[in-house]
Amino acid sequence: MNNFITEKFTLPIDYESQRDTYKRQILLVLVGCLTSCIVGFITQSILQLLICYLCFIFVTCVLILPPYQSYCRRKLQWVEPVEIKISN
């Protein structure tokens, strides 16, 4: 069962997409933090703050964690090895 889940949810991700998803994650968490602080301040409720923040964390996980096909659009071009002859 574990291998089935691993095979379905493990897709390659290129370096550019890793950087993009990291930036999106930071932006979503920052927006969630600021929004939840504003909601908590306006309602004067720590419970509302926590609920709002947890909702933003859930949305961030839904948007960032799945292995979308767009994460491997820009494949890394590896340099072909070259054989060097050294003469004595």
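Everything here concerns the structure above.
Residues numbered from 1 in each chain as written. Predicted model: local features only at pLDDT ≥ 70, side-chain atom pairs only at ≥ 80, totals over all residues. Heavy atoms only, no water.

Undergrad: Could you clarify how one ought to interpret the overall build of the protein in this entry?
TA: A tally of regular secondary structure across the protein gives three helices and zero strands. Going from the N terminus to the C terminus, the protein shows its helices and strands as α-α-α. Every one of the 88 residues in the protein was classed for burial, and the buried ones make up 12%. The long-range share in the protein, meaning contacts at least 24 apart out of those at least 6 apart in sequence, stands at 69%. A total of about 7,800 Å² of accessible surface is found on the protein, and carbon and sulfur atoms cover 68% of it. (Helix = DSSP H or I, 4+ residues; strand = E, 2+ residues; numbered from the N terminus. Buried < 20%, exposed > 50% of the residue type's maximum accessible area, 1.4 Å probe, protein only. Contact = heavy atoms within 4.5 Å. Areas by Shrake-Rupley, 256 points an atom, 1.4 Å probe, with all protein chains shown as cover.)

Undergrad: Is there a simple way to explain the side chain of Thr 60 in this structure?
TA: With respect to the helices and strands, the residue Thr 60 is situated in helix α3 (residues 46-64). Other than its neighbours up to four places away in sequence, Thr 60 contacts Gln 25, Leu 28, Val 29 and Leu 65.

Undergrad: Please explain a nonpolar patch on the surface as it appears in this structure.
TA: A contiguous nonpolar patch, built from Ile 46, Leu 47, Leu 50 and Ile 51 and spanning about 400 Å² of accessible area, is present on the exposed surface. Summarising the element assignment, Leu 50 is placed in helix α3. Among the residues examined, Leu 50 registers a relative accessible area of 44% and is labelled partly exposed. (Patch = residues over 30% accessible without salt bridge, like charges linked within 9 Å, V, L, I, M, F, W, Y side chains within 5 Å. Salt bridge = Lys/Arg side-chain N within 4 Å of Asp/Glu carboxyl O.)

Undergrad: Just to check I follow, could you spell out the environment of Cys 55 for this structure?
TA: Position of Cys 55 relative to the elements: it lies in helix α3. Exposure remark for Cys 55: the relative accessible area of 44% places this residue in the partly exposed category.

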